[in-house]
Amino acid sequence: MSLATESRVAQAAEEYRPLDADSLPAYLAGVDSCAGKLGGGADEWQVDEVGDGNLNLVFIVRGSVGSLVVKQALPYVRLVGESWPLPLKRAYFEHEALITEIDCVPELVPAVYHYDDTMALTVMEHLTPHIILRKGLIAGIRYPNLAEHVAEFMAQTLFKTSDLYLPASKKKARNAVFCDNIELCKITEDLVFTDPYRIAELNRWTTPQLDDMAAKFRGDAPLKLEAQILKEAFMGRAEALIHGDLHSGSIMVTETETKMIDPEFAFYGPRGFDVGAVIGNLLLAYFSQTGHATADDDRIDYGIWILEQIGLIWEGFRNKFLRLWETEGRGDIYLPELFDDPAGATTLAAYRDVYMKEMFHDSLGFAGMKMVRRILGLAHVEDLETIEDPDLRATCETKALLLGRELIVNRRKYDSVASVVSHAQKLQKGAEQ
Ligand code: SR1
Ligand code: MG
């Protein structure tokens, strides 16, 4: 732990206190930038605790003039309780990541009004009438700008924090800052890359329906080998500042707007991890659609819409990333004069091709890991959990597990999203069961 971090942690231990609906107004009244946004006096502000995530407190505060959101870290994992302590310094990394993202794509992240290191608290723009994308996908809502926005967010943040854009000294310095986000990385290392492949106390799944499948996964040598390779990539490849938890619960939407939230898991890791999180969660949404069908809507068309978004997101991301490379590639890793010779253009095209193909395969592997962990690990997703009939839920989950495994083990065989989509559709129709 760095000295700066140590002193921050020590100070936080002395003065930190979790806020609640009674104490928050007095706190905000002392912060001019926030009090002004709310308007009126603290006694008029309405506070609602709305946090439904796994880790933190989240409040919406409404005043006569405006509203805002307060997110405060708790010293433990909210989902599990005080038996699982978690350092408050994650609020620092979340704020650092947020301001980096704001530099890259201000229109795609919430504005930050105030940050308090000691209280592990950030005050942000209240996104309204936005809803969590995951809830929109469960409700069967289409978002015409989603793919474009998600692709833009990932291309800008993953390119502009990489060696293709930053001088090596700056990139290494930023990497050093985020290296200390150890405990949140460890959550991912355990919950995504390890626990679903072993007997672990916190694992859970739809039982008894998936008991055999869970056991099979724990004994599946090719699957465990590739999971291990992907875990090493996650732990060792400091390619860009990744959001680190870019699932559909970390994206807020209206029909026209999209905002990426909650980057507390951010660190310098493999670019494909964010892309994979998006793809994996859309695939989970896809396989859950049968579970949300009604007499009026079999959700087949909506499932097709979800699959189309995966293609649009990958292609949009790829094109935007390559365009940024062409127009703003100035980092120490990339010297255009190296490609000035007669064969240069071909060599550069080949390099870009290898770069994007590797990122595509990484993304598919991470997508698969994200799918498996949400069905066999601790933290599940509402898309599947809200399917009340356990047999129907297990049927959806089985298809998702089969595709997850396929993407992990055979990711290098796929050369396009179309081939992934076609495999997903075959599984959905039961052709390969
Ligand atoms: C114990 S935290 C469980 C999960 O919640 C977060 O959103 C991350 O995805 C983490 O793995
Ligand atoms: Mg979160």
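Because the structure is predicted, anything quoted here is derived from the model rather than measured. (Residues numbered from 1 in each chain as written. Chains lettered and ligands numbered in written order. Predicted model: local features only at pLDDT ≥ 70, side-chain atom pairs only at ≥ 80, totals over all residues. Heavy atoms only, no water.)

Some details on the sheet that holds strand 10 (residues 251-253)
Turning to step 1, where the next piece is worked out: Spatially, 8-10-11 is the arrangement adopted by the three strands of the open sheet, whose pairing is antiparallel. Edge positions in the open sheet fall to strand 8 (131-132) and strand 11 (258-260), since each of these has one partner strand only.
Turning to step 2, where the next piece is worked out: Two strands pair when backbone bridges link them, and strand 10 and strand 11 are joined in this way by three bridges, in the antiparallel orientation. In the strand pairing of strand 11, Ile251 is matched with Met260.
Turning to step 3, where the next piece is worked out: Along the sheet, helix 6 (residues 146-160) makes contact with strand 10 and strand 11, crossing strand 11 at roughly 30°. (Pairing = 2+ DSSP bridges. Helix = DSSP H or I, 4+ residues; strand = E, 2+ residues; numbered from the N terminus. Contact = heavy atoms within 4.5 Å. Axes fitted to C-alpha atoms, helices over the stretch in contact; angles between N-to-C directions.)

A few points about the packing of helix 12 (residues 300-328) against helix 13 (residues 344-376)
What describes two packed helices is the angle between their axes and the distance between those same axes.
Turning to step 1, where the next piece is worked out: Remark: helix 12 packs on helix 13, axes separated minimally by 12 Å, with the N-to-C direction vectors making an angle of 145°. In terms of crossing hand, the pair formed by helix 12 and helix 13 is right-handed. The residues of helix 13 that touch helix 12, namely those facing Trp314, Phe317, Arg318, Phe321, Leu322, Trp325 and Glu326, are Tyr351, Arg352, Asp353, Tyr355, Met356, Met359, Phe360 and Ser363.
Turning to step 2, where the next piece is worked out: A class-by-class count of the residues in the contact of helix 12 with helix 13 yields 10 nonpolar, one polar and four charged. (Left-handed = near helix turned anticlockwise from the far one by under 90°. Nonpolar A, V, L, I, M, F, W, Y, C, P; charged D, E, K, R; others polar.)

Concerning the packing of helix 11 (residues 272-288) against helix 16 (residues 417-429)
Turning to step 1, where the next piece is worked out: Between helix 11 and helix 16, the least distance of the axes is 11 Å, while the angle of their chain directions is 25°. In terms of their interaxial angle, helix 11 and helix 16 are classed as roughly parallel. Considering only the axes of helix 11 and helix 16, their crossing is right-handed. Facing Leu283, Tyr286 and Phe287 of helix 11, the residues of helix 16 in contact are Ala424, Gln425, Leu427 and Gln428.
Turning to step 2, where the next piece is worked out: For the contact of helix 11 with helix 16, the class distribution of residues is five nonpolar, two polar and no charged. (Parallel < 35°, antiparallel > 145°, perpendicular 65-115°, else oblique.)

Considerations on unusual backbone geometry
Turning to step 1, where the next piece is worked out: Each neighbour pair has its own omega, and for Thr128 with Pro129 the value is 15°, a cis peptide bond.
Turning to step 2, where the next piece is worked out: Positionally, Pro129 belongs in the loop between strand 7 (121-125) and strand 8.
Turning to step 3, where the next piece is worked out: Cis geometry is adopted by the peptide bond preceding Pro208, which originates at Thr207 and carries an omega value of 10°.
Turning to step 4, where the next piece is worked out: Summarising the element assignment, Pro208 is placed in the loop between helix 8 (182-191) and helix 9 (211-218).
Turning to step 5, where the next piece is worked out: Of note in this structure, Ala120 is not a glycine but carries a positive phi near 50°.
Turning to step 6, where the next piece is worked out: Given the relative accessible area of 1%, Ala120 is considered buried. (Buried < 20%, exposed > 50% of the residue type's maximum accessible area, 1.4 Å probe, protein only.)

Things to note about the domain arrangement of the protein chain
Turning to step 1, where the next piece is worked out: Split by domain assignment, the protein chain resolves into domain 1 (17-125) and domain 2 (131-428).
Turning to step 2, where the next piece is worked out: Run the count over domain 1 and domain 2 and you get seven salt bridges.
Turning to step 3, where the next piece is worked out: Note that Lys71 and Asp262 form a salt bridge whose closest N and O atoms lie 2.6 Å from each other.
Turning to step 4, where the next piece is worked out: For the pair domain 1 and domain 2, the interface holds nine residue pairs in polar contact (both at pLDDT 80 or more).
Turning to step 5, where the next piece is worked out: Within the side of domain 1 that touches domain 2, the residues separate by chemical class into 15 nonpolar, three polar and nine charged. (Domains from an automatic or database assignment. Salt bridge = Lys/Arg side-chain N within 4 Å of Asp/Glu carboxyl O. Polar contact = N/O pair within 3.5 Å; in protein donor to acceptor, adjacent residues only side chain to side chain.)

Here we look at helix 11
Turning to step 1, where the next piece is worked out: Given a rise of 1.5 Å per residue, 17 residues ought to cover 24 Å, and the 24 Å separating the end C-alpha atoms of helix 11 matches this to within 8%.
Turning to step 2, where the next piece is worked out: Counting buried positions along helix 11 gives 17 out of 17 residues, so the element sits mostly inside the fold. (Expected span 1.5 Å × (residues − 1).)

Regarding the pattern of salt bridges
Turning to step 1, where the next piece is worked out: This model, assessed by the stated rule, comprises 27 salt bridges.
Turning to step 2, where the next piece is worked out: A salt bridge links Arg134 to Asp383; the nearest nitrogen and oxygen atoms lie 2.8 Å apart. Residue Arg134 is located in helix 5 (residues 133-139), and its partner Asp383 is located in helix 14 (residues 382-385); the two are separated by 249 residues in the primary sequence.
Turning to step 3, where the next piece is worked out: We classify Asp383 as buried; its relative accessible area is 0%.
Turning to step 4, where the next piece is worked out: Because the salt bridges share partners, they merge into one network encompassing Lys71, Arg90, Glu94, Asp262 and Glu264.

Observations regarding the sheet that holds strand 2 (residues 56-62)
Turning to step 1, where the next piece is worked out: The five strands are arranged 1-2-3-7-6 in an open sheet whose pairing can be described as antiparallel. Since the sheet does not close on itself, it has two edges, and those belong to strand 1 (46-49) and strand 6 (112-116), each with one partner. Here the average twist between neighbouring strands, direction ignored, is 20°.
Turning to step 2, where the next piece is worked out: In terms of strand pairing, strand 6 meets strand 7 through four bridges, oriented antiparallel. Across the sheet, Val112 pairs through a bridge with Met124, a residue of strand 7.
Turning to step 3, where the next piece is worked out: Across the sheet, helix 4 (residues 90-104) is in contact with strand 2, strand 3 (67-73), strand 6 and strand 7; its angle to strand 6 comes to roughly 150°.

A look at the site of ligand 1
Turning to step 1, where the next piece is worked out: Residues in contact with ligand 1, as listed here, are Asn54, Leu55, Val77, Ile187, Leu191, Asp245, His247, Phe265, Arg373, Arg374 and Ala379.
Turning to step 2, where the next piece is worked out: His247 is positioned with one of its side-chain polar atoms (N or O) 3.5 Å from an oxygen atom of ligand 1.
Turning to step 3, where the next piece is worked out: The contact in question runs from an oxygen atom of ligand 1 to an N or O atom on the side chain of Arg373, over 2.6 Å.
Turning to step 4, where the next piece is worked out: In isolation ligand 1 offers 320 Å² of accessible surface; the protein chains occlude 94% of this area. (Near = heavy atom within 4 Å. Areas by Shrake-Rupley, 256 points an atom, 1.4 Å probe, with all protein chains shown as cover.)

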